[in-house]
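Secondary and tertiary structure notes
Okay, here's what each chain looks like letter by letter:
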Amino acid sequence: MCEFCHKHGEGKKWYLRAGNYSDDLLSDVKRRRFIEEFLSEPERLRADLENLERLSRAPAIVRRAIIWAITRRQKQVHYGQVVPIEDLERILGFVNSVVRLPCICRKITRGKEKRYCYGISISPDGGEMFRIAGSLEKSYLRGPDTKGLETLCKEEALKAFREHESEGLCHTVWTFRTPFIGGFCNCDRSDCIAMRATVTHDMPVMFRAEYVARIDPGNCTGCRQCMKVCQFGAVAYSAGEKKSVVDARKCYGCGICRAACSREAISLLDRPAVPAAAGLW
Ligand code: SF4
Ligand code: SF4
């Protein structure tokens, strides 16, 4: 289990603990202010992205020190984890409200409104989380194409997640001052700033999933569909065997390759059961 499971999970996966979504945690004034600022100042993300590019040109020793400090800070305020769809479904089993939101990252990286982000709350009416987001609705992202919040029932939310999965997007959960979890995102490496930071710039701002993919060679036809959708370059192809194989050390456990495999050759194993990946987060 990851570091957050040990600190915030009380013996289970931290994102499956209902208390981490509670309005009690939102009664913390600092947390409320953090969420308000996060939603109302998307331009700060643009500055983060520019700093990220600049950092990649810094001397290695400086880079390492800055990355260490940023990752440490992000774990306290806004950190994510890759989550496969079955665990999203489990979360939907106990949260009671879901709203779809425009993605801040896509607004910055593509200049477009793309509804790939979801606010979640354990309260039936969205509780404090949605009141904060709702009060910002008119200015949220400040774009002419921003249509505001969109309430979904659980079935609609799950259907949307499956559609995102078929687009090759990787599901993630996010804290707003850890351990409070306020949202899901559906990420890709080209548009999502967090995924770019973690994978491209080696600056972790999210954990890998609690799982690792495995391909059953007996069912694999070597079609390479899984390889095309993996955002992490974790699938290799053996021309000699005419089979694909997962590099467990690179796998983030998102399960997107599994959704792309028409042969049902891919399964997710618990990360601790795969020695090569057990300690990799
Ligand atoms: S998508 Fe499935 S059948 Fe095709 S290469 Fe990948 S594991 Fe094999
Ligand atoms: S190989 Fe791992 S990281 Fe790549 S799509 Fe499959 S589960 Fe995700």
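Cut-offs used in this document
- Residues numbered from 1 in each chain as written.
- Chains lettered and ligands numbered in written order.
- Predicted model: local features only at pLDDT ≥ 70, side-chain atom pairs only at ≥ 80, totals over all residues.
- Domains from an automatic or database assignment.
- Contact = placed C-beta atoms within 7 Å.
- Helix = DSSP H or I, 4+ residues; strand = E, 2+ residues; numbered from the N terminus.
- Nonpolar A, V, L, I, M, F, W, Y, C, P; charged D, E, K, R; others polar.
- Buried ≥ 20, exposed ≤ 12 C-beta atoms within 10 Å, placed from the backbone.

**Topic: the domain arrangement of the protein**
Each domain of the protein was delimited in the assignment, giving domain 1 (3-207) and domain 2 (211-273). Relative placement of domain 1 and domain 2: their C-alpha centres are 26 Å apart. Taken together, the 12 residues of domain 1 in the interface contact 11 residues of domain 2. Contributing elements (two or more residues each) for the side of domain 1 that touches domain 2: helix H9 (154-166), strand S5 (170-175) and helix H10 (193-200). The residue makeup of the side of domain 1 that touches domain 2, split by class, is 6 nonpolar, 3 polar and 3 charged.

**Considerations on the environment of Arg-72**
With respect to the secondary-structure elements, Arg-72 resides in helix H5 (residues 60-77). In sequence terms Arg-72 and Gly-218 are 146 residues apart; their C-alpha atoms lie 43 Å from each other.

**Digging into the environment of Ile-35**
When you line up the elements, Ile-35 lands in helix H3 (residues 29-40). By the C-beta count within 10 Å, which is 22 here, Ile-35 ends up buried. Separated by 147 residues in sequence, Ile-35 and Gly-182 place their C-alpha atoms 9.0 Å apart.

**Remarks on unusual backbone geometry**
That bond from Thr-178 to Pro-179 is cis: its omega, 15°, falls within 30 degrees of zero. Note on placement: Pro-179 falls in the loop between S5 and strand S6 (181-187). In this model, Glu-10 sits at a positive phi of 45°, which is unusual for a non-glycine residue. Considering the arrangement of structural elements, one finds Glu-10 in the loop between helix H1 (3-8) and helix H2 (23-26). According to the C-beta neighbour criterion, Glu-10 is exposed, with 11 such atoms within 10 Å. Of note, Lys-242 is a non-glycine position whose phi angle comes to about 60°, a positive value. Locating Lys-242 in the fold gives a position in the loop between strand S9 (235-238) and strand S10 (243-246).

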